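Single-letter residue listing:
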Amino acid sequence: MHVDLKVLKNLIHKRADEIEKIVAGTGYLARTVIGVGTFLLDNEGDVDLLSAKQRVIFEKFLLPLVESSHR
């Protein structure tokens, strides 16, 4: 899976409020989601390096926000 690093970086650094909104009430922490995004940025978007739990967080929160940026 290819992650658009430019969009992900923008999401993490300039649109963190959107992450906070999507995480609200789910039991997850926004900083955890941001941490997964930062990990992906540090590893050139290589989703295969994510643990099972990190991948769930990525697919549940980050991927929908990244994909909505392309619409």
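Let me begin by describing the structure that accompanies this report. (Residues numbered from 1 in each chain as written. Predicted model: local features only at pLDDT ≥ 70, side-chain atom pairs only at ≥ 80, totals over all residues. Heavy atoms only, no water.)

1. Thoughts on the overall build of the protein
Within the protein, the regular secondary structure consists of four helices and zero strands. The helix and strand sequence of the protein, counted from the amino end, reads α-α-α-α. Across its three principal axes, the protein shows a C-alpha extent of roughly 30 × 25 × 20 Å. Of all intrachain contacts in the protein linking residues separated by at least 6 positions in sequence, the fraction that spans at least 24 positions is 64%. (Helix = DSSP H or I, 4+ residues; strand = E, 2+ residues; numbered from the N terminus. Contact = heavy atoms within 4.5 Å.)

2. Some points on the packing of aromatic side chains
This structure, assessed with the given rule, holds one aromatic pair. With a centroid separation of 5.1 Å and an interplanar angle of 70°, the aromatic rings of Y28 and F61 are classed as edge-to-face. Taken together, the residues span a long stretch of sequence, with Y28 in the loop between α2 (16-23) and α3 (30-42) and F61 in helix α4 (residues 52-68) at a distance of 33 residues. Using a relative accessible area of 30% as the deciding quantity, one classes Y28 as partly exposed. Residue classification places F61 among the buried positions, given a relative accessible area of 2%. (Phe/Tyr/Trp six-rings, centres within 6.5 Å; stacked < 30°, edge-to-face > 60°. Buried < 20%, exposed > 50% of the residue type's maximum accessible area, 1.4 Å probe, protein only.)

3. Quick look at the pattern of salt bridges
In this structure the tally under the stated criterion is two salt bridges. Put simply, R15 and E18 hold a salt bridge, and the shortest N to O gap is 2.8 Å. Close ionic contact of R55 with E59 constitutes a salt bridge, the shortest N to O distance being 3.1 Å. Highlighted residues: R55 and E59, both in helix α4, separated by four residues, approximately one helical turn. (Salt bridge = Lys/Arg side-chain N within 4 Å of Asp/Glu carboxyl O.)

Such coordinate-based values are descriptive only and should not be taken to indicate function.
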